[in-house]
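# Chain and residue survey
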Amino acid sequence: MDSKTFSMKLWPPSQSTRLMLVERMTKNLSTPSVLSRKYGLLSKEEAEEDAKQIEVVAFASASRHFEKEPDGDGSSAVQLYAKESSKLMLDVIRRGPRTKEDGNFIESDRVRVSHETVFDISGGRRAFIDAKEAEELLKPLRDLHNKFTKICFSNTSFGLDSAHVAEPILSSLRDQLTEIDLSDFIAGRPETEALEVMTIFSSALEGSNLRYLNLSNNALGEKGVRAFAGLLKSQHNLEELYLMNDGISEEAARAVCELIPSTDRLRVLHFHNNMTGDEGAVAISELVKHSPLLEDFRCSSARVGSEGGVALAEALGSCTSLKKLDLRDNMFGVESGIALSKVLRRFSDLTEIYLSYLNLEDEGSLALANALTESVPSLEVLEMAGNDITAEAAPALAACVAAKQFLTKLNLAENELKDEGAILIAKALEEGHGQLNEVDLSTNSIRRAGARCLAQAVVSKPGFKLLNINGNFMSDEGVDEVKEVFENSSCVLGPLDDNDPEGEDYDEEAEEGDDDEGELESKLKGLEIKQEE
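Identification of the chain as RAN GTPase-activating protein 1-like from Coffea arabica is taken from an unreviewed UniProt entry.

If you look at the biggest cluster of nonpolar residues, it comprises 133 residues, and the most contacted ones within it are Phe 153, Phe 201, Phe 297 and Leu 340. The element best represented in this core is helix 9 (residues 191-205), accounting for eight residues. Each residue touching Phe 153, except ones within four places of it in the same chain, is listed here: Phe 119, Ile 121, Leu 138, Leu 141, Phe 158, Leu 170, Asp 181, Leu 182, Ser 183, Phe 185 and Phe 201. Membership of the second largest hydrophobic core comes to 13 residues, among which are Met 25, Leu 42, Val 57 and Val 92.

Another aspect to go through is the packing of aromatic side chains. With the rule as written, the count across this model stands at nine aromatic pairs. Residues Phe 119 and Phe 153 carry aromatic rings whose centres are separated by 6.5 Å and whose planes lie at 80 degrees to one another, so their mutual orientation is edge-to-face. Here Phe 153 lies in the loop between strand 5 (150-152) and strand 6 (156-158) and Phe 119 lies in strand 3 (residues 118-120), a separation of 34 residues in the sequence. Each member of the pair, Phe 119 as well as Phe 153, carries the same accessibility label: buried. Both rings, one in Phe 158 and one in Phe 201, keep their centres 5.2 Å apart while their planes meet at 75 degrees; by these two values the pair is edge-to-face.

With that out of the way, let us pick up the side chain of His 270. Tracing the backbone through its elements, the reader meets His 270 in strand 10 (residues 268-270). Among the polar contacts made by the side chain of His 270, one reaches the side chain of Asp 296 at a distance of 3.0 Å. Residue contacts for His 270: discarding those within four places in its chain leaves Leu 241, Tyr 242, Leu 243, Met 244, Asp 296 and Arg 298.

As a further point, take the pattern of salt bridges. Summed over all chains, the structure comprises 27 salt bridges. Residue Glu 295 pairs with Arg 267 through a salt bridge whose shortest N-O separation is 3.6 Å. One end of the pair, Glu 295, is in the loop between helix 13 (277-289) and strand 11 (296-298); the other, Arg 267, is in the loop between helix 12 (250-259) and strand 10, with 28 residues separating them in the sequence. Among the ionic contacts, a cluster of salt bridges with common partners joins Lys 150, Glu 179, Arg 211, Glu 239, Glu 240, Arg 267 and Glu 295.

Below, the discussion takes up the packing of helix 16 (residues 361-373) against helix 17 (residues 394-403). Between helix 16 and helix 17, the shortest axis-to-axis distance is 8 Å and the interhelical angle comes to 25 degrees. Between helix 16 and helix 17, the interaxial angle falls into the category roughly parallel. Note on packing geometry: the crossing formed by helix 16 with helix 17 is left-handed. Contacts between helix 16 and helix 17 involve Leu 366, Ala 369, Asn 370, Leu 372 and Thr 373 from the first element and Ala 396, Leu 397, Ala 399, Cys 400 and Ala 403 from the second.

Another point: the environment of Ile 169. The residue Ile 169 is located in helix 8 (residues 160-173) in this model. Residue classification places Ile 169 among the buried residues on the basis of a relative accessible area of 3%. Each C-alpha atom, one on Ile 169 and one on Leu 205, is 9.9 Å from the other, the two residues being 36 residues apart in sequence. What Ile 169 contacts, discounting residues up to four positions off in sequence, is Leu 138, Leu 141 and Arg 142.

What counts as what
Residues numbered from 1 in each chain as written. Predicted model: local features only at pLDDT ≥ 70, side-chain atom pairs only at ≥ 80, totals over all residues. Heavy atoms only, no water. Core = buried A, V, L, I, M, F, W, Y, C linked by side-chain atoms within 4.5 Å. Buried < 20%, exposed > 50% of the residue type's maximum accessible area, 1.4 Å probe, protein only. Helix = DSSP H or I, 4+ residues; strand = E, 2+ residues; numbered from the N terminus. Contact = heavy atoms within 4.5 Å. Phe/Tyr/Trp six-rings, centres within 6.5 Å; stacked < 30°, edge-to-face > 60°. Polar contact = N/O pair within 3.5 Å; in protein donor to acceptor, adjacent residues only side chain to side chain. Salt bridge = Lys/Arg side-chain N within 4 Å of Asp/Glu carboxyl O. Axes fitted to C-alpha atoms, helices over the stretch in contact; angles between N-to-C directions. Parallel < 35°, antiparallel > 145°, perpendicular 65-115°, else oblique. Left-handed = near helix turned anticlockwise from the far one by under 90°.

As structure tokens, then:
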């Protein structure tokens, strides 16, 4: 008889053996003892319920061990089965009988358990935990009556030993979990170990029915994505997915799309700070295209160029429920801006749009401004900084701003609007905009007249918090004028220490600029800003 045949006689135990163990544990838990006099005696009904759950957890842990034990005779699995059962029984006895008041709120430096549903060990500094520390940290999860639906292991680095401690615990909870945060949970681990840890967690959680999954800050790459294959493949009802700062390359993006079976219910999708590139963006666009309920999409700082930008823009056309769109810090260019302008009209519920640093230039910015003017009536945040926008596009931008009466934040920093553009924007902000609290037109080659108009336009807004016009070309007199406007509310005027009174294009013509600013301002006051009816 070979060793594996012999091992089958020891493991797994028969069903009758497992039932007998439950009966024995029930009797031990409900029989008076020295410990029960100290902690309280469980009723037979509560003891039986605890005993059943103890047996399930111990059996799962021992079964996984049996699959990995090198000798394969099953004896060590039996020993672990008995040891785990005894340990969990002792935990239950020390817990004592449950009352309705038990477990409402437990808090320590690192572990936070609130309202019986959220378990969070992300508090404090990032920690590398070993098996012993994992046993202690995860102890509340062993409570057989816990009602946790969300766990957060972020900011806690798991190695193989601590992952093996977490594995049976997570397996026992996967049917009740709906939200899992594993962001930044393998920091500092060698790649081989990190991939194995991810595979262990994936296996333990495979089959869970999640609405929220966060795998950010793990340097996944394609290998990491595929290490989570079991978990990802079993998710049919995800509503929120976060893959930020994960090294999501073209191959990794394709793997994500390949592994996730359905995004029909997806509402939030974040891919911030990855090396996705054009081909990766094309892959992600397929995911977006099949997410009709998407409300919040972020693909910022992802190295996406024109081809990928156009693909994403066209895919977003399917997401008519979109409320927040963040595409900042990519290399989209004019063509992508125009492609996006063609679908913006479909986003009637959009409240926030972040389009900074996309190389849109005037042509792309004009297309987007015109589209926004005619749509998205409830827009609250508009960001288009760093797009080489000049005064030529300012009338369209001003018309857009004037039409968006619910704006709370406007960011047009690091462009080339100059005084002409600044005065038009200021005029657009004069009427209404009662919810406005932040305006940023820093680094726009603005001089005295433009700065004064902006200051006068926002100073009386109720609840206004910050005007940033630093990094411009105001004269010393212009700076003094702006400070005078904010004499009674200086806290809302940003610093002006980076202002250059002379400007980079200072010459004899510019020297006469301040004298001409009054005339320029006067002429621009005659321009009308069209608002939506």
